[in-house]
Amino acid sequence: MAGEHERHLRERLNRLRGLPLLRGTRLSGELERLQRQLDRIEAEPTDDEIWRSVELARHSQRPYTLDYVERLFEDFVELHGDRARAEDPALVTGLARFQGQTIAIIGQQKGREINERTRRNFGMPHPEGYRKGMRVMEIAQRHGFPLVTFLDSPGAYPGVAAEQHGQGGAIARSQALMARLTVPLVTCIIGEGNSGGAIAIGLVDRVLMQENAMYSVISPEGCAAILWRDGAEKVKAAVALKPDAVHCRELGVIDEIVKEPDGGAHLNPDEAARLLAEALGRTLAELRSIPGEELRAQRRDRYRRVGIYTARAVETAAQPGS
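Asks: What should I look at first to understand the packing of helix α8 (residues 167-180) against helix α14 (residues 292-305) in this one?
Replies: Look at α8 against α14: their axes get within 8 Å of each other, and the N-to-C directions meet at 135°. With respect to α14, the axis of α8 lies oblique. Judged by residue contacts, Met 178, Ala 179 and Arg 180 of α8 engage Arg 296, Arg 299 and Arg 300 from α14. When the residues that make up the contact of α8 with α14 are grouped by side-chain class, the tally is 2 nonpolar, no polar and 4 charged.

Here it is as structure tokens:
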């Protein structure tokens, strides 16, 4: 479909260039518009590149939350438990210092070897994890600490026990609390950012996304199972979802793509951390200059606008030359 659209644009552009111009005729604006559309299409990731981003986002040696905590922050103190039921190792929370300032941290942690992965439930939090995260959000609000979250999870845990303990309600309350905070909030998508497991701690002022991370309402396998009843169609689902950083930036659901070392963050975690630290420091400095009430108002407006399409926009997108 994209190839046919590109061919149509090229044909139209060539016809316009070949027209004998009458006196006073102005085609430069139309030619420039068509050329910009072609450039945008050519710059878009191919289907293979989209799936490669998914694979790199899931790479077993990719740096996880605690890897970045170790490299980015000083004096990290981890906080445990939701003060109601249990500790959830799938979600790491705590306080640390970043560039001389105290910040609060919440991040999903997958684990490396099989025992740790099992203990951390492969980075899929239970309701207890989100309640623990809300404890840290309230601490950040009380003391005026910026909050930084790290997204790297296949999604919130879908098990029976999690549902019995109020998974959906915990996710909703976490989002509602983040919408009320008046401290700077930044999310770093460092691997998989999937489903409610991601947005539960991702309702923020700025979203930074690493070059080879992914961000989606559902995993490609889950999407394929629903649409085609076949998880083997995961590549087709990924191409349709477009969860890669370039498309997420085009959609406006993230604010900045953070470069990674050549080949992916797993090949040089120290350099990946340095690049992420630069983007995070710049973003926090920008947000610190905005009053808290204004931050909250802008944040709420941001998420009200996400996904809104006017009739005029739809009609424009449907036109052959658009």
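Asks: Hey, could you run me through the side chain of Thr 65 in this one?
Replies: Looking at the secondary structure, you find Thr 65 in helix α4 (residues 65-72). Classification of Thr 65 by relative accessible area gives buried; the value is 0%.

Asks: In this structure, what is going on with the packing of aromatic side chains? I would like to understand it.
Replies: What characterises a pair of aromatic rings is the spacing of the ring centres plus the angle enclosed by the ring planes. Taken as a whole, this structure holds 2 aromatic pairs when the rule is applied. Here the aromatic rings of Phe 73 and Phe 98 are separated by 5.5 Å at their centres, their planes lie at 75°, and the arrangement is edge-to-face. Of this pair, Phe 73 sits in the loop between α4 and β1 (74-79) while Phe 98 sits in strand β2 (residues 91-98), placing them 25 residues apart in sequence. Centre to centre, the rings of Phe 73 and Phe 150 are 6.2 Å apart; their planes meet at 70°, and the pair counts as edge-to-face. Here Phe 150 lies in strand β4 (residues 147-153) and Phe 73 lies in the loop between α4 and β1, a separation of 77 residues in the sequence. Put simply, the rings of Phe 73, Phe 98 and Phe 150 touch in pairs and so form one group of aromatic residues. Over the face of the ring belonging to Trp 228 we find Lys 236, whose NZ or CZ atom lies 4.8 Å from the ring centre.

Asks: For this particular structure, what's the right way to read the pattern of salt bridges?
Replies: A complete count under the given rule lists 22 salt bridges for this structure. In this structure, the salt-bridge partner of Lys 132 is Glu 87, at a minimum N-O distance of 3.2 Å. Taken together, the residues Lys 132 in helix α6 (residues 127-143) and Glu 87 in the loop between β1 and β2 connect sequence positions 45 residues apart. Judged by its relative accessible area of 0%, Lys 132 is buried. Two residues, Asp 255 and Arg 302, come together in a salt bridge whose shortest N-O distance is 2.8 Å.

Asks: Hey, could you run me through a nonpolar patch on the surface in this one?
Replies: Together, Ile 226, Leu 227 and Trp 228 make up a nonpolar patch on the protein surface, roughly 320 Å² of accessible area in all. With respect to the helices and strands, the residue Leu 227 is situated in helix α10 (residues 220-227). The exposed category is assigned to Leu 227, whose relative accessible area is 55%.

Asks: Hey, could you run me through the nonpolar core in this one?
Replies: What tends to happen in soluble globular proteins is that the nonpolar side chains get buried as a cluster. Tyr 130, Met 137, Leu 147, Ile 189, Met 209 and Tyr 215 are the most contacted members of the largest nonpolar core, which totals 35 residues. For this core, the secondary structure elements donating two or more residues are β3 (101-108), α6, β4, α8, β5 (185-194), β6 (206-210) and α12 (245-251). The greatest single-element share of this core, amounting to 6 residues, is contributed by α6. Of all hydrophobic cores here, the second largest spans 27 residues; its members include Leu 72, Phe 73, Ala 265 and Leu 295.

Asks: When you look at α6 in this model, what are you seeing that I'm missing?
Replies: Residues separated by three or four positions in an α-helix point in the same direction, a consequence of the helix having 3.6 residues per turn. Relative to the 24 Å expected for 17 residues at 1.5 Å per residue, α6 spans 25 Å between its end C-alpha atoms, a close match to the ideal helical length. Judged by how many residues are buried, α6 sits mostly within the fold: 12 of 17 residues are covered. Restricting attention to buried positions, one finds in α6 the residues Pro 127, Glu 128, Gly 129, Tyr 130, Lys 132, Gly 133, Met 134, Arg 135, Val 136, Met 137, Ile 139 and Ala 140. One or two residues past the end of α6 sits Gly 144, with phi positive at roughly 75°.

Asks: Sorry, what's going on with the packing of α10 against helix α11 (residues 234-241) here?
Replies: As a packed pair, α10 and α11 sit with axes 8 Å apart at the nearest point and diverge in direction by 105°. Judged by the inter-axis angle, α10 sits roughly perpendicular to α11. Taking contact as the criterion, the partners of Pro 220, Glu 221, Cys 223 and Ala 224 in α10 are, on α11, Lys 234, Ala 237, Ala 238 and Leu 241. Here the residues of the contact of α10 with α11 are counted per class, giving 6 nonpolar, no polar and 2 charged.

Thresholds applied
- Residues numbered from 1 in each chain as written.
- Predicted model: local features only at pLDDT ≥ 70, side-chain atom pairs only at ≥ 80, totals over all residues.
- Heavy atoms only, no water.
- Axes fitted to C-alpha atoms, helices over the stretch in contact; angles between N-to-C directions.
- Helix = DSSP H or I, 4+ residues; strand = E, 2+ residues; numbered from the N terminus.
- Parallel < 35°, antiparallel > 145°, perpendicular 65-115°, else oblique.
- Contact = heavy atoms within 4.5 Å.
- Nonpolar A, V, L, I, M, F, W, Y, C, P; charged D, E, K, R; others polar.
- Buried < 20%, exposed > 50% of the residue type's maximum accessible area, 1.4 Å probe, protein only.
- Phe/Tyr/Trp six-rings, centres within 6.5 Å; stacked < 30°, edge-to-face > 60°.
- Lys NZ or Arg CZ within 6 Å of the ring centre and 35° of its normal.
- Salt bridge = Lys/Arg side-chain N within 4 Å of Asp/Glu carboxyl O.
- Patch = residues over 30% accessible without salt bridge, like charges linked within 9 Å, V, L, I, M, F, W, Y side chains within 5 Å.
- Areas by Shrake-Rupley, 256 points an atom, 1.4 Å probe, with all protein chains shown as cover.
- Core = buried A, V, L, I, M, F, W, Y, C linked by side-chain atoms within 4.5 Å.
- Expected span 1.5 Å × (residues − 1).

Structural measurements only, silent on function.
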